[in-house]
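Structural features, examined
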Amino acid sequence: MRGKPGTTMDFNIQADNRQISVQEGETLLTALRRNGFKVPTLCHMNRFSPTGACRLCVVEVEGKRDLITSCSFPVEKGMRVLTNSPRVVRARKSLVELLLSNHPDDCLYCQRNGDCELQWLAGEMNVKERKYFGEKNRQFPDHSSSSVFRDPAKCVLCGRCVRMCEEVQLVTAIDFIGRGNVTSVNSAFLQGLNVSSCIHCGQCIMVCPTAALLDISHLEKVEAALNHPGKKVACFVSPSVVASVAEQTGSKVHKDLGAEVAATLEKCGAERVTDLGVACDANVAQEALVLRERMSSKESAGPVLSSCCPAWVSYLETFRPEWLPLLSGVSSPQQLMGAGVKSGSEKTAGKEEVFTVAVMPCVAKKQEASREEYTHKGVAGVDAVLTVREYFRLVRSHGLVPGEPGQAVKPFLQGSAAAWKMAYSGGKAEAVAAELYRLTGPHKQGFRFNTPKNQAARKESRVVMGRQTPGFAWVSGIAEADRYIGMLLNEKRKDIHYVEVMACPGGCAGGGGQPVSRHPDKIKNRKKICMEMERLCEVKVAGENPLAKHFQGS
Amino acid sequence: MKSDLENGTKEFLIQQVLLNPGRAASAKLQKELSYIARERVHRPVIYLGTATCGMVAGAGNTLEAIRAYIGENGLNAELVEVGCIGLCSAEPIMDIQLPGRSRLSFSHVTPDKVQVLLDEVINNHLPDVPVLGQYRSQIHQEWEGVPKMEDHPFFKNQQRMLLEHCGMINPVDITTYIARGGYCAFVDTITHHTPAQVCQLVDQSGLAGRGGGGYPAGKKWAITLGTVSDQRYFVCNAVESDPGSYMNRAIIESNPHRLLEAVLIASYATGATKAFVFIRKEFRLAIRRLREALEQTREYGLTGHHIFDSGVNIDIVIKEGARAFVCGEETALNNSIEGKRAMPASKPPFPAVRGLWNKPTSVNNVETLFNVPLILQNGPDWFASTGTERSKGTKLFTLSGKVRRSGTVEVPMGISFRDIIDRIGGGMNSDKAFKAIILGINSGSYIVEETLDTQVDFEALKNIGSALGSGAFVVVDEDTCMVDLARHFTAFFKKESCGKCIPCREGTARMLEIMESVTRRPGGGESLQPLERFKGVMQLRGLASVIKDTSLCSLGRSSPNAILNTLKHFKPEFDMHIFERKCPANVCRDLRVFSIDVDLCTGCTACYKKCPVDAIIGSPRNPHFIVQDKCIGCGTCYDVCKFNAVLIQ
């Protein structure tokens, strides 16, 4: 936490026989990490208020009787800190050993094996033998949700999911329950997540250090369909998944970026792999039409709210039903695509059943696919949704390396630049603006979508279209969205006509189905890849994509 | 008519007493006040202690009996329910005050004694039953041959500042409280002192927090007052949940107005316009009396908006806290008031800077606050004259356990622990040897024979490695197993841990398992195997020190104290449990071995019939025998044997 320039005071403190420069007001942990000290943490989250729950970041400060947690303690002048004294190391090791004493020892059967912070910590602390014997808590897993799976037995009660759910997403579907060593993170009254206020965004999974929170797996369903002789598996891959895989595997941006993804899926046995970009274009084009209509009607209730994010829709249904009429009502790209593929196959295919699989950066899409509204005569538009994590597991289990070079049968990418824009916060608003500009055009003045340089400031932009200058806004994270839209409605503002809402901070690039990672840079990298891909796209505006027209009216 | 009188009293008290700076000088006023204060009475007044301790001792039945007596005899007498005088072991205590005569006090007044007692005393005779004492009085005729209350050994060695009205006055009668000088300090304060001056006065007096930490109250208030904010709060911590202490409950039940006055002063001093009294939900009687008292202060205009035209606004809210030990921790308490889960937060920021709803909030304990009106009434120097150099004033203890007299006691700082037991407590209640004083689970400190001459003083206790704690004072003798006690305390912490930080949540569970492996018999099934048991024991000290080092709040940090102190003072007892599998105090059930002395056994079959696991074999009129493999060590045979033939090893 740095103060404003000019008001900070720099001074030196001593850490392990070294003088380090610190700024007044920042915590000891921030200062130590910036100066290259390694301090383990479990409950700490950047940009969140410290809770001091895990105690792993303890350090010894001269003159203090107890060890202090560096995550919550502000730096003081004349401080002398020992970050690795025997007392500190012993305390940290004991803490990890205590956690392990109440943790199921099933690492080999665990989905987060190798990707688990507790495992890493045990390795770093050099835990070699079981030190504390005792009874473990009996906690039961919660399979009830259609998107998020919880296993409280593996929970280390760091509270990151609780803070994420409460502070960023405003949902508070889960919280601490019980006292003493039977405390658990659970939904209210120990009922399942399915009856809680959960909006399925999956951000809790993204912050969970262990396998206490996972996505409900559709992998088994997909495997069964792939091996079923009577089923044709049609996969559609979201552009943000393509970007995420490229980022994860380190592939360079090129014109046929998704081909590797398509090729791996085809090798796994998928009959057809298509790009979801077309449906994204269709979604943008339709939302622009809704916007044009809403703007021309006299009695405007408020701005058009984007409806492509299923977690956002769930949030509105649960917490803000009064805002539901503002939703654009356009189906999300996944459902447009699913319905398109299924209705197409209904006409042509005779005997073989088509099984549609969406590969998405999102766990809420699993819940969206299971919604009753998206079935037609009892047939779901999308049969299974794989997250990026599940995609990796599927591909690896088929002996393939994700991102290995390979050519899909057909040219893969079919979307316009708009499809790539949907992958990050602020992109969709721009895409819709561009489409509206095209619809209302031709205009004398060129299309200019100004994004504010200071990202912390309000994210709004106005586009000049002839005599009108519709306002576009974008927010990500439910708390921010709720606050912003509430403000728009309270102040009865007429200058904002369209609000793009993504439930996950950063948009789909930071979606709940993305690979679990602690680096905030990952979201930025994915966004960068998408923006580079936009430049490579020949078709720039959603409505100009000829393929997108197939989805009109669906 | 009555309402008029009451209104008259109210106006009189407000105008002539509260708002009259020369109140002390007028003898006429003082005489009038002495009637309201029940120092003089027009008709016989019967007082009965109906605080929780009294009710538990059966004061409810006594109360009914007195009511029936008054009704049957058409007696023109007043019956007043008072709080606890402190001598809980003598409850139910009944006092009788006749016009013109000094007040008499009787202990252990069961319903059957009521008739005799009242018959005699109302007719100006002393009954045959022993009298606890009479109160000293200069204006009344004293009873002959009755000792003074202040000469009673229990009271003689105490210095009763906080307890001065407890058990004497009707707790829910504001008129008595004002007539005895109450609320004058508050009214004088808001009319004559600035908040900063109050902080300074309290700081000068040297009043330290009595909740355990010992932080100077005046300094804390000054920090809150000095923090820039649009809103400040004051919180009174009345969550007294330390096992073995109940003096805060007792003083609230006995004198709730003193607490409210202190909260008002403290709120004024810290610049708070809203104060919360956070009290345990279990304290039903205390809550009821506090609410009633609060209602009276509202009627008198002592709380609320624009108090006595001074421009001071203070609202008091009584908030009942649900059952959780951790609520006593100030940050957890603040969370609980905010409606969140009672979990402690890391400090800094301290609540004095950022507390309730992120606003500066001073949190003080009940006992600390009880001192405040006295300091403002009599000045900081008067307060500082009591106590030692570093620790000022008096300290309340809940004296209990194996002593002759128990209850709430107030001693000046600097008295030795030996004096409290021997003089106030009257020594051990049996010929068993003294073993330790347990100063509350909160501090987990023990005072043992060698440290018994230590003074009650923050510094002196620190020097011997203990802490004053919350005020529990449990005396145990050699019949108590210290290992079992440490296990019991650990079980308490395991249950009460909030579950937030790892050391306290997981560590207390593991410590408890280790302690259980020490105090229990190694069995089959799920219990620990010997090697694992020894491994656990070896790690106990290390684990305990890590928990002490790293826990988030003081609750967690004090959780291993009992074990560490047992290891420090009672190592041989511990070793005996581990190596010889024997409990010297014969408390740990699983380690007791029973046998039957063949010479003493008459073969009465009493034990044979009662044994729950059929571990005793034998035939009538022949000596019996206990099969050790079957015996669960319950001790039933030991209890039923009339011939002392069952032996414990």
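Residues numbered from 1 in each chain as written. Chains lettered and ligands numbered in written order. Predicted model: local features only at pLDDT ≥ 70, side-chain atom pairs only at ≥ 80, totals over all residues.

**A look at the overall build of chain A**
Spelled out, the test is: Helix and strand definitions here come from DSSP, where helices need a minimum of 4 consecutive H or I residues and strands a minimum of 2 consecutive E residues; each element is numbered from the N-terminal end. The size measure is the radius of gyration over C-alpha atoms, and the globule rule it meets is 2.2 Å times the number of residues to the 0.38 power. Three classes are used. A residue is buried when 20 or more other C-beta atoms lie within 10 Å of its own, exposed when 12 or fewer do, and partly exposed in between, with C-beta atoms placed from the backbone.
The helix and strand inventory of chain A stands at 17 helices and 19 strands. Relative to its length of 554 residues, chain A is compact, with a C-alpha radius of gyration of 25 Å against a globular reference of 24 Å. Looking at chain A as a whole, 51% of its 554 residues are labelled buried.

**Focus: the overall build of chain B**
Definition in use: By definition, residues are in contact whenever their C-beta atoms, placed on the basis of the backbone, come within 7 Å of each other.
Looking only at helices and strands, chain B features 27 helices and 18 strands. Along the longest, intermediate and shortest principal axes, the C-alpha atoms of chain B span 85 × 65 × 40 Å. For chain B, the proportion of contacts with a sequence separation of at least 24, taken over those separated by at least 6, is 71%.

**A short note on the sheet that holds strand β10 (residues 394-401) of chain B**
Strands pair in a sheet through their backbones, by hydrogen bonds, and they do so in one of two ways: parallel or antiparallel. All names here are of chain B. Formally: A strand pair is defined by DSSP finding two or more bridges across the two strands. Only the stretch in contact is used when a helix axis is fitted, and all axes are lines through C-alpha atoms; the angle between N-to-C directions ranges over 0 to 180 degrees.
Within the open sheet, the five strands sit side by side as β11-β10-β14-β12-β13. Their pairing is mixed. Edge positions in the sheet fall to β11 (407-412) and β13 (446-448), since each of these pairs with one other strand and no more. With strand direction ignored, the average angle separating the axes of adjacent strands in the sheet is 30°.

**Here we look at the environment of B:K571**
Residue and element names in this part refer to chain B. In this fold, K571 is placed in helix α25 (residues 571-580). Residue K571 is classed as exposed on the basis of its C-beta count, with 10 C-beta atoms lying within 10 Å. Residues K571 and R354, 217 residues apart in the sequence, show an inter-C-alpha distance of 43 Å.

**Here's the deal with the domain arrangement of chain A**
Residues and elements named next belong to chain A. We apply this condition: The split into domains, and so the bounds of each, comes from an automatic or database assignment of domains. Nonpolar residues are Ala, Val, Leu, Ile, Met, Phe, Trp, Tyr, Cys and Pro. Charged residues are Asp, Glu, Lys and Arg, and all others, Gly as well, are polar.
Per the domain assignment, the segments making up chain A are domain 1 (10-84), domain 2 (98-215) and domain 3 (218-554). Between the C-alpha centres of domain 1 and domain 2 the distance comes to 27 Å. Taken residue by residue, the interface counts eight residues in domain 1 and eleven residues in domain 2. Class assignment for the residues of the side of domain 1 that touches domain 2 results in seven nonpolar, one polar and no charged.

**Remarks on the interface of chain B and chain A**
Listed per partner, the contact involves 29 residues of chain B and 31 residues of chain A. For the side of chain B that touches chain A, the elements supplying multiple residues, two or more each, are α20 (482-496), α21 (502-519) and α22 (530-550) of chain B. Residue contributions to the side of chain B that touches chain A peak at eight residues, all from α21(B). For the side of chain B that touches chain A, the class distribution of residues is ten nonpolar, seven polar and twelve charged.

**A few points about the nonpolar core**
Within soluble globular proteins, side chains that are nonpolar generally end up buried alongside one another. All names here are of chain B. Keep this limit in mind: Connectivity within a nonpolar core runs through C-beta atoms within 7 Å, and the core itself is a set of buried Ala, Val, Leu, Ile, Met, Phe, Trp, Tyr and Cys residues.
If you look at the biggest cluster of nonpolar residues, it comprises 346 residues, and the most contacted ones within it are V263 and I265. Contacts of V263, omitting those with residues within four sequence positions, involve F234, C236, A275, V277, I316 and L369. Counting twelve residues, the second largest nonpolar core, distinct from the first, contains C607, C611, C637 and C641.

**Let's talk about the domain arrangement of chain B**
Reports often express the size of an interface as the amount of accessible area lost when the parts come together. All names here are of chain B. For chain B, the assigned domains read domain 1 (2-156), domain 2 (182-384), domain 3 (394-473), domain 4 (482-580) and domain 5 (592-648). Domain 3 puts seven residues into the contact, and the matching count from domain 4 is seven residues. With three residues, helix α18 (residues 440-443) is the largest single contributor of residues to the side of domain 3 that touches domain 4. Of the residues belonging to the side of domain 3 that touches domain 4, the class tally is three nonpolar, four polar and no charged.

**Here we look at the packing of helix α10 (residues 217-226) of chain B against helix α12 (residues 256-270) of chain B**
All names here are of chain B. Our working rule: Should an angle fall under 35 degrees it is taken as roughly parallel, and over 145 as roughly antiparallel, whereas 65 to 115 is taken as roughly perpendicular and any remaining angle as oblique.
At their nearest, the axes of α10 and α12 sit 8 Å apart, and the two run at 50° to each other. Classified by the angle their axes make, α10 and α12 are oblique. Together, W221, T224 and L225 of α10 and A266, A269 and T270 of α12 make up the contact between the two elements. Looking at side-chain class alone, the contact of α10 with α12 contains four nonpolar, two polar and no charged residues.

**Re the sheet that holds strand β4 (residues 104-106) of chain B**
All names here are of chain B. Read across the open sheet, the five strands follow the order β2-β1-β3-β4-β5; overall the sheet is mixed. Looking at strand neighbours, the two that pair on one side only are β2 (78-82) and β5 (133-134), the edges of this open sheet. For strand β1 (residues 45-49) and strand β3 (residues 94-97), the ladder comprises four bridges, and the chain directions are antiparallel. Within β3, the residue paired with V45 across the bridge is Q97.

**Re the confidence of the model for chain B**
All names here are of chain B. Our working rule: Per-residue confidence from the predictor is reported as pLDDT, a score between 0 and 100.
When pLDDT is averaged along chain B, the result is 89; 98% of the residues meet or exceed 70. Between the elements of chain B, mean pLDDT differs from a low of 75, seen in α18, to a high of 95, seen in α12. In the predicted complex, the global pTM is 0.88; the interface-specific ipTM is 0.86.

**A word on unusual backbone geometry**
In this structure, B:P348 follows B:K347 across a cis peptide bond, with omega equal to -10°. Secondary-structure assignment places B:P348 in the loop between α14 (330-337) and β9 (361-365). A cis amide bond links B:P348 to the next residue, B:P349, at an omega of 0°. Residue placement: B:P349 occurs in the loop between α14 and β9. Positive phi values are uncommon outside glycine, yet A:D16 reaches one of about 45°.

**With respect to the pairing of strand β19 (residues 498-502) of chain A**
Residue and element names in this part refer to chain A. What counts is decided by this rule: With the strands pointing away from the viewer, any crossover whose connection runs clockwise from the first strand over the helix to the second is right-handed.
Of all five residues that make up β19, five are buried, and the element is covered over most of its length. Taking every second residue as pointing to the same face, both faces of β19 are buried, with Y498, E500 and M502 on one and V499 and V501 on the other. Note that strand β12 (residues 304-305) and β19 share two bridges and pair parallel. Across the sheet, the residue bridging to L305 is V499, located in β19. Sheet analysis places strand β18 (residues 471-476) next to β19, joined by five bridges and oriented parallel. Within β19, the position partnered with A473 by the bridge is V499. This β-α-β element, β18 to helix α16 (residues 478-490) to β19, shows right-handed connectivity.

**A short note on the confidence of the model for chain A**
In the predicted model, chain A carries a mean pLDDT of 88, and 94% of its residues have values of at least 70. Between residues 1-6 of chain A, whose pLDDT stays under 50, and residues either more than four places distant or in other chains, the model counts seven contacts.

**Description of the environment of B:I122**
All names here are of chain B. In this structure, I122 sits in helix α5 (residues 111-122). Sequence spacing of I122 and A345 is 223 residues, and the spatial spacing of their C-alpha atoms is 59 Å. The residues contacting I122, other than those within four sequence positions of it, are P44 and L75.

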